[in-house]
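One-letter residues, chain by chain:
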Amino acid sequence: MRHEREQIIQWNCRSAICNKNDLIHLHNIFEPFVSTLSETWLRPELIFRIPGYVILRQDWPDGYGGVAIVIKNNLPYSLFPLPSFGDDLSVIAAIVNKICIVSIYFSRPNVNIFSHLNQLFSILPKPFLVLGDFNCQHQSWGSTSSNYYGDQLLDIIYSHCICILNTGLPTRVTGLSEGASAPVLSLCSPDLASTLDWHPLASSYGSDHFPLVITFPSHKPNETTRSPRFKYRLNNADWELFNQRVEQKTSTYSQEGDQISAEILSQVLIEAADESFCTKTKIRSQIPSPPWWDHECTAAIKTRKQAEKNYCEEMSEENFELYLESARSAKKLFKKKRYDGWQSFCASAQTSARQRSGVIFVD
């Protein structure tokens, strides 16, 4: 067995639709098996998809707030039932890889929310991860100052023996006068805490919150133990050469009078296959960019990312305004490109339909 690292992305995306391209980019880079989103800003009637993933959602009727859990579509999962918490908070939970993963968001902390949190933490099966934007500030997890709601939340976390994965780094982009802010928290049951790594990314990717990457070990079979049909190209395979290699390797054991064990036979077959067949090239599955994406969009992303980096390195009022302007410009450009792309698609579909019907329109 070999050890690999599996990853989860946690992000307050502030509109899954507006920042869908950045969300796809993050999934292409990190290939997470699960992502949790808060402030999805999706209405219940809207369809939102990410190729290769299943999306579980809880939307708010007004189109703001909302949470989602994004799960690789080759993984078994089950929705974990939760009681109704009313309109105070958005929360959804699912069991994935034997871990209960919770995505949570509330915009305005109040007394009712903390009673709901007590109830939620009491019913979650272990191991669990609770990931979301709590909008509570406390120095314990990276905010410059603590407030009343942060104190209340910390008391609940301690009373339920829950571990905080945050390392003290900010999770939100703030202006000069605001100080460091960490409203986004990653919480887990004690049995997971020692195995997890946590870090925010350097760019906020179009939101005003940094995506967080949570990494933990998983066990996967060694590549050499997989069935040959997953490893070799068998179209036009040279089976005669394969038979020769097998006979050569097994004849050694026959001459020595040794009995060939299943383990040795398996090794002989694999070695003969390696010498006889071409191996498949592993193709990494990428989520494609939308058809309207072009070099202008790529340039806008680079400009926004550089402006944010400049602000983080030198937090001046001028750099902050440049960052905000580049973020606004990029969002405006993407909206225009989406609209123009849709118009172009409709026009081409209409032209194609006219051609198939044999109708010719003359202006």
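Numbering of residues starts from 1 in every chain and runs along the sequence as written. Given that the model is predicted, a residue must reach a pLDDT of at least 70 before its local features are reported, and side-chain atom pairs must reach 80 or more before they are shown or counted; all residues, however, enter totals for whole chains, interfaces and linings. With hydrogens and water set aside, each side-chain value is computed from the structure's full complement of heavy atoms.

Caption draft 1: Inspection of the overall build of the protein chain at higher detail. Each helix and strand in the protein chain was counted, giving eight helices and 14 strands. In the protein chain, buried positions account for 42% of the 363 residues. The contact criterion used is simple: two residues touch if any of their non-hydrogen atoms lie within 4.5 Å. Contacts in the protein chain between residues at least 24 apart in sequence constitute 66% of all its contacts with a sequence separation of at least 6. Of the roughly 20200 Å² of accessible surface on the protein chain, a fraction of 53% belongs to carbon and sulfur atoms. For the purposes of this entry, the term helix denotes a DSSP run of H or I that reaches at least four residues, the term strand denotes a run of E that reaches at least two, and both are numbered from the N terminus. Accessibility here uses a 1.4 Å probe with only protein chains present; expressed as a share of the type maximum, an area under 20% marks a residue as buried, one over 50% as exposed, and anything in between as partly exposed. Working definition of accessibility: Shrake-Rupley area with a 1.4 Å probe, residue cover restricted to the visible protein chains.

Caption draft 2: Quick peek at the side chain of serine 181. Within the fold, serine 181 resides in the loop between β9 (163–164) and β10 (184–188). A relative accessible area of 6% means that serine 181 is categorised as buried. Once residues within four sequence positions are removed from consideration, serine 181 is found in contact with Gln137, Ser143, Pro170, Thr171, Arg172 and Thr174.

Caption draft 3: Examining the pattern of salt bridges more closely. We define a salt bridge as a side-chain nitrogen of Lys or Arg found within 4 Å of a carboxyl oxygen belonging to Asp or Glu. In this structure the tally under the stated criterion is eleven salt bridges. In this structure, the salt-bridge partner of arginine 14 is glutamate 39, at a minimum N-O distance of 3.5 Å. Of this pair, arginine 14 sits in the loop between β1 (2–12) and α1 (20–30) while glutamate 39 sits in the loop between β2 (34–38) and β3 (53–58), and the two are 25 residues apart along the sequence. Here arginine 14 falls in the partly exposed class, since its relative accessible area comes to 28%. For lysine 337, the salt bridge identified is with glutamate 296, shortest N-O distance 2.8 Å. With a gap of 41 residues between them, lysine 337 in helix α8 (residues 317–357) and glutamate 296 in helix α7 (residues 295–313) connect regions that are remote in the sequence. Residue lysine 337 is classed as buried on the basis of its relative accessible area, which comes to 14%. Salt bridges linked by common partners bring Arg14, Glu39, Arg172, Glu178 and Asp208 together as one network.

Caption draft 4: View of the packing of aromatic side chains. For Phe, Tyr and Trp, rings pair up if their centres lie within 6.5 Å, where Trp contributes its six-membered ring, and each pair is then called stacked (planes under 30 degrees apart), edge-to-face (over 60) or tilted (otherwise). Within this structure, the stated rule accounts for 14 aromatic pairs. Both rings, one in phenylalanine 320 and one in tyrosine 323, keep their centres 6.5 Å apart while their planes meet at 40°; by these two values the pair is tilted. Placement of both phenylalanine 320 and tyrosine 323 in helix α8 is noted, with a separation of three residues, approximately one turn of the helix. You'll find phenylalanine 320 and tyrosine 323 in the same group, each marked buried. Feature note: the residues Phe114, Tyr148 and Tyr149 constitute an aromatic cluster, connected by ring pairs.

Caption draft 5: Representation of helix α3 (residues 148–159) within the structure. Here, expected helix span is obtained from the residue count minus one, scaled by 1.5 Å. For α3, built from twelve residues, the straight-helix expectation of 16 Å at 1.5 Å per residue is met to within 8% by its first-to-last C-alpha distance of 17 Å. Taken together, the buried positions of α3 are occupied by Gly150, Leu153, Leu154, Ile156 and Ile157. For α3, the arc enclosing every buried residue in end-on projection is 160°, short of the 170-degree limit, so these residues lie on one face. Opposite its buried face, α3 presents the exposed residues Tyr148 and Tyr158, each directed more than 90 degrees away. Buried residues belonging to α3 abut α2 (111–123), β9 and β10. Once α3 ends, the next one or two residues include cysteine 161, with phi positive near 55°. The arc in question is formed by the directions pointing from the helix axis toward the C-beta atoms.

Caption draft 6: Representation of unusual backbone geometry within the structure. In this structure, proline 127 follows lysine 126 across a cis peptide bond, with omega equal to -5°. Mapped onto the elements, proline 127 comes out in the loop between α2 and β8 (128–133). In this structure, tyrosine 205 is a non-glycine residue whose phi angle is positive, near 55°. The residue tyrosine 205 is located in the loop between β11 (197–200) and β12 (212–220) in this model.

Caption draft 7: How the structure looks around the nonpolar core. Residues Leu117, Leu124, Val130, Phe134 and Leu153 are the most contacted members of the largest nonpolar core, which totals 28 residues. Counting residues per element, the ones that place at least two in this core are β6 (90–96), β7 (99–105), α2, β8, α3 and β10. Ranked by residues supplied to this core, first place goes to α2 with five residues. Look past the residues within four positions of phenylalanine 134 in its chain and what remains in contact with it is Ile104, Phe106, Pro109, Leu117, Leu153, Pro183, Leu185 and Leu187. As used here, the term nonpolar core means buried Ala, Val, Leu, Ile, Met, Phe, Trp, Tyr and Cys residues forming a set that is joined through side-chain atoms within 4.5 Å. Within the second largest apolar cluster, 26 residues are counted, among which are Leu56, Trp60, Leu75 and Leu196.

Caption draft 8: Representation of the sheet that holds β7 in the model. Paired strands are those between which DSSP finds at least two bridges. Strand order across the open sheet formed by six strands is β5-β6-β7-β8-β10-β9, with mixed pairing between neighbours. A strand with exactly one partner marks an edge of an open sheet, and here the two such strands are β5 (77–79) and β9. With seven bridges joining them, β6 and β7 adopt antiparallel strand pairing. Residue pairing across strands places valine 96 opposite isoleucine 99, the latter belonging to β7.

Caption draft 9: Molecular detail of the packing of α2 against α3. Where α2 contacts α3, the two axes come as close as 10 Å, and the packing angle between them is 20°. Taken as axis vectors, α2 and α3 run roughly parallel relative to one another. Where α2 crosses over α3, the two elements pack in a sense that is right-handed. Seen from α2, the contacting residues are Phe114, Leu117, Asn118 and Phe121; seen from α3, they are Tyr149, Gln152, Leu153, Ile156 and Ser159. Under the convention adopted here, Pro, Cys and the residues Ala, Val, Leu, Ile, Met, Phe, Trp and Tyr are nonpolar, Asp, Glu, Lys and Arg are charged, and Gly plus all remaining residues are polar. Of the residues in the contact of α2 with α3, the class split is six nonpolar, three polar and no charged. Helix axes are fitted only over the stretch in contact, all axes being lines through C-alpha atoms; the angle between N-to-C directions runs from 0 to 180 degrees. Any angle from 65 to 115 degrees is called roughly perpendicular, while one under 35 is roughly parallel, one over 145 is roughly antiparallel, and all others are oblique. Crossings are classed by handedness, with left-handed meaning an anticlockwise turn of the near helix from the far one by less than a right angle and right-handed meaning a clockwise turn.

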